[in-house]
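Listed below are the residues making up each chain.
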Amino acid sequence: VQLVESGGGLVQPGGSLRLSCAASGFTFSSGGLSWYRQAPGKERELVASISSAGVGTEYADSVEGRFTISRDNAKNTVYLQMNSLKPEDTAVYYCNYHYLWSVYWGQGTQVTVSS
């Protein structure tokens, strides 16, 4: 079982990044997927979620209208498109898979928004 995030980096305020999370070792299309983030000294928080079929999505108020979660079940990959980035979006971003009693986490990718 493996979830591997990529696409993080340093970006200026107002910029964009696209995170990817590639999955292997389990039935990707069965479960829901989420992106979480954790900033230094803060608790991990839910950023966005998407249902197994990709129809239903939910977002934290702080990212609504700026971030978009999507998934490609044929590629076993979930994405997080992040636009209009702000310094407060700086955090380690983690992808999460959940289905019944199974919960898997990726190792995280650092996103830093700074001028």
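See the structure shown above.
Everything numeric here is computed off the predicted structure, so don't read it as measured data.

Reading guide: rules and limits
Residues numbered from 1 in each chain as written. Predicted model: local features only at pLDDT ≥ 70, side-chain atom pairs only at ≥ 80, totals over all residues. Heavy atoms only, no water. Pairing = 2+ DSSP bridges. Helix = DSSP H or I, 4+ residues; strand = E, 2+ residues; numbered from the N terminus. Axes fitted to C-alpha atoms, helices over the stretch in contact; angles between N-to-C directions. Phe/Tyr/Trp six-rings, centres within 6.5 Å; stacked < 30°, edge-to-face > 60°. Lys NZ or Arg CZ within 6 Å of the ring centre and 35° of its normal.

Chemist: Before we go on, may I ask you to explain the pairing of strand β10 (residues 102-105) in this structure?
Modeler: Regular strands show a simple pattern: their side chains alternate between the two faces of the sheet. Both strand β9 (residues 91-99) and β10 contribute to a ladder of 4 bridges, which runs antiparallel. Note that in β10 the partner of Asn-96 across the bridge is Trp-105.

Chemist: Sorry if this is basic, but what is going on with the sheet that holds strand β7 (residues 67-72) here?
Modeler: Two orientations exist for strands paired in a sheet by backbone hydrogen bonds: parallel and antiparallel. Taken in spatial order, the 4 strands make up an open sheet running β1-β3-β8-β7, and their pairing is antiparallel. Of all the strands in the sheet, the pair left with one neighbour each is β1 (2-6) and β7. Across the sheet, the mean angle from the axis of one strand to that of its neighbour is 15°, orientation sign disregarded. As paired strands, strand β3 (residues 17-24) and strand β8 (residues 77-82) are joined by 6 bridges and run antiparallel to one another. Within β8, the residue paired with Cys-21 across the bridge is Val-78.

Chemist: I keep staring at the packing of aromatic side chains and nothing clicks. Help me out?
Modeler: Between two aromatic rings, the relevant description is the distance of the centres plus the angle of the planes. Tallying each qualifying case throughout the model produces 4 aromatic pairs. Where Tyr-97 meets Tyr-104, the ring centres are 5.6 Å apart and the plane angle is 10°; that geometry is what we call stacked. Across from the ring centre of Tyr-79, 4.0 Å away, lies the NZ or CZ of Arg-18, which sits over that ring. Between the NZ or CZ atom of Arg-44 and the centre of the ring of Tyr-94, over which it lies, the distance is 3.8 Å.

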